[in-house]
Structures are given as C-alpha cells and as structure tokens.
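Fold and geometry: a report
Residues per chain, in single letters:
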Amino acid sequence: MVREHLTGQRDMADSYPRSFVRRGKCLEMRFLAECSLSDLAALQSLVVSTLHEIEIFMPHDEEYLSRIFQTELSVLGVLAEEKLAAYSIIRYPGMEKDNLGRDLNLAEEDLKKLAHLQAIAVHPHFRGCGLQRELAAAHLQVLESSGYEHICCTVSPKNPVSLNNLLSCGFRVRALNPKFGGWWRYILYKRTNQLSGRPKEGDSKEKIEFACSDIDGQREIIRKGYEGYRVGKTGENFDLFYQKIE
C-alpha cells in the first residue's frame, strides 16, 4: 500500500536533486537507493563513535536499513562532492507494536495513517549547517503529499539541539517514555496539516518549564495535558517549555 501510494508522488521525486550552499560548500540533496546502503551504514557508525552520550542515537543494522530502502522516497541524503554528509529516514510502521502512536493513545484507525521520521544523522564536519532541519522539512513534504495524517519521531532528552530542530519544524513533545531497552525518549508528534513553527509568546497563559533532565516532572506535566514546544538554555542547562494543549 505504501509503495503504491508513494509511486504516485513523481512530482515530488522529480523536484530532486536540489543544490544549495553551506559554509562555502556546494551540497546536493537527493533520494537515495539501496546502492548507498554501505555509505549510510558507514556514516551511522561514524556518528555513533562521536557521541558524548551513547544513548543519544540508536543505530540500525544493515538488514533493517535494507528493508527501509525497499519503500520509495524513504531515504533522503545530502552529499558533498558525492560523499554522504547527512541522511534522513522515514518509515511506515502500520499496525506493528512499535508504532509510536500507541504511546500517544491514538485510535487504531489513526495508527494506520501514521508515519515515523525514523532517523536523521549528520556528519560531524557538517553539524551547525542546518542540515537536520533541511532534511526533516523535505521529508515532511513527502509525508504530507502521501496522505499520511500523523507523524511521530523520538529524541533523547540528552539531545536538546536535535529536539530544538524538530520543534522548529512543527513537532510537539506529547510523551516521554523509556524506549530501546530503557533509554528515555521524547515522543514528538505532528499532524500533516499543522503549520510549522513555534507559538508566539503570549498565545497561551498556561506555560511552564522543566529541565530536560527532570524526567519525572515532565512526565507528570504531560499527563496533565501539556505539550513541549520550545527549548531554552540557562547556563549549561537546557529547559523545555510546556503549554496546555488546546
């Protein structure tokens, strides 16, 4: 069903490759085929090796990545001189147990219309160039044109930079649960018809902030009907601002 649905989105695929410049370097964004599997796996390994906290990024084995490539438009890459600088993966979990909509208590019918922004990784040399946001925004366009109404992704509370990037694309924190053998993850959610961006200050009278490290406090405020929408920094510490869900 997914393959048939996305095959009809040729106008989306035909708009690639896209060229742009970052820090004086010419980059190209394009959809990747399975022939790029080894390059993607190598970049994934490099990213994992540079993490200051191992639990920030959950790597996938090559068998898993190979299955992802079987669905059209599911892997998007940024290349610099034909070398992979960053990639984004989307996945359609269907009714599988790991569908993140289950963490949000979505109805069964909605689970069928939910996609995952599964992973984004950026080469250390290209961090700070906005590639995570570029890839997320581009893959969100794919999902919005494919008929999927709900999009979820996960971010570690120990990764405020990635969290901030995804919030800027219109995602909101709707849950904070243990995943991947106990690693804590924010569950971010976005409807495909929602406008991107943060709410303006003053839009809601009910705002509260918690340190990203305060797991219990955040889980409790989420239980009371709040969502995370903005990252702030106080000294060396990062906070997440919450507001009441309308």
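Look up: the structure comes first, before these words.
What this report covers is the structure whose coordinates are included nearby.

Reading the values: the criteria
- Residues numbered from 1 in each chain as written.
- Predicted model: local features only at pLDDT ≥ 70, side-chain atom pairs only at ≥ 80, totals over all residues.
- Heavy atoms only, no water.
- Helix = DSSP H or I, 4+ residues; strand = E, 2+ residues; numbered from the N terminus.
- Contact = heavy atoms within 4.5 Å.
- 1 Å grid on protein atoms, 1.4 Å probe; cavity = no way out; pocket = protein on both sides within 12 Å on 5 of 7 lines; lining within 4 Å.
- Points joined across faces, edges and corners; volume = space filled by probe spheres on them.
- Nonpolar A, V, L, I, M, F, W, Y, C, P; charged D, E, K, R; others polar.
- Buried < 20%, exposed > 50% of the residue type's maximum accessible area, 1.4 Å probe, protein only.
- Pairing = 2+ DSSP bridges.
- Axes fitted to C-alpha atoms, helices over the stretch in contact; angles between N-to-C directions.
- Parallel < 35°, antiparallel > 145°, perpendicular 65-115°, else oblique.
- Left-handed = near helix turned anticlockwise from the far one by under 90°.
- Right-handed = clockwise from strand over helix to strand, strands pointing away.
- Salt bridge = Lys/Arg side-chain N within 4 Å of Asp/Glu carboxyl O.

1. A word on the environment of F126
With respect to the helices and strands, the residue F126 is situated in the loop between β5 (114–122) and α6 (131–146). Each C-alpha atom of the pair F126 and G225 lies 37 Å from the other, and the pair is 99 residues apart in sequence. Beyond its immediate stretch of four places on either side in the chain, F126 contacts K25, L27, A80, A85 and L131.

2. Side note on the layout of surface pockets
Taken as a whole, the largest pocket holds about 1000 Å³ of empty space. Looking at the largest pocket, it is lined by 43 residues, and the ones nearest its centre are F57, I120, Q132, N159 and S162. The biggest single contributor to the lining of the largest pocket is β5, with seven residues. Its residues placed into classes, the lining of the largest pocket shows 23 nonpolar, 13 polar and seven charged.

3. Here we look at unusual backbone geometry
Most of the time, phi is negative for any residue but glycine, and the peptide bond is trans. Cis peptide bonds are those with omega within 30 degrees of zero, and the linkage from Y16 to P17 qualifies with 5 degrees. Relative to the assigned elements, P17 resides in the loop between α2 (10–14) and β1 (18–22). You will see that F180, though not glycine, has its phi angle at about 50 degrees, which is positive. When you line up the elements, F180 lands in the loop between β7 (172–179) and β8 (183–191).

4. Describing the side chain of E55
Counting through the fold element by element, E55 comes out in the loop between α3 (37–49) and α4 (62–69). Taking the relative accessible area as the measure of exposure, E55 reaches 17% and is therefore buried. Residue contacts for E55: discarding those within four places in its chain leaves S156, K158, W183, W184 and R185.

5. Points about the pairing of β8
Inspection of the sheet shows strand β6 (residues 150–155) paired to β8 by six bridges, in the antiparallel sense. Bridging across to β8, T154 finds its partner in I187. Pairing between β7 and β8: seven bridges, direction antiparallel. Across the sheet, residue K179 finds its bridge partner in β8, namely W183. In textbook terms, the turn of a hairpin is the stretch between consecutive antiparallel strands, and for β7 and β8 this stretch comprises three residues, one of which, F180, has a positive phi near 50 degrees.

6. Considering the packing of α3 against α4
Running from N to C, α3 and α4 point in directions that differ by 130 degrees, and their axes come no closer than 10 Å. On the basis of the axis angle, α3 is oblique to α4. Of the two possible hands of crossing, α3 and α4 adopt the one that is right-handed. The segment α3 lies against α4, with L37, L40, A41 and Q44 engaging E62, L65, S66 and F69. Its residues assigned to classes, the contact of α3 with α4 comprises five nonpolar, two polar and one charged.

7. Examining the pairing of β5
Taking burial as the measure, the nine residues of β5 include eight buried ones, the bulk of the element. Examined bridge by bridge, strand β4 (residues 83–91) and β5 share six bridges and lie antiparallel to one another. Bridging across to β5, I90 finds its partner in L117. Bridge analysis of β5 against β6 gives three bridges, and the strand direction is parallel. Within β6, the residue paired with A115 across the bridge is I151. For the handedness criterion, the β-α-β arrangement of β5, α6 and β6 is classed as right-handed.

8. Topic: the pattern of salt bridges
If you walk through the whole model with that rule in mind, you get 15 salt bridges. One salt bridge in this structure joins E149 and K113, with 3.8 Å as the shortest N-O distance. A residue pair is termed long-range when its members are at least 10 positions apart, and E149 in the loop between α6 and β6 and K113 in the loop between α5 (108–111) and β5 qualify at 36 residues. Owing to a relative accessible area of 27%, E149 belongs among the partly exposed residues under this scheme. In this structure, a network of salt bridges that share partners links the residues E28, R30 and E82.

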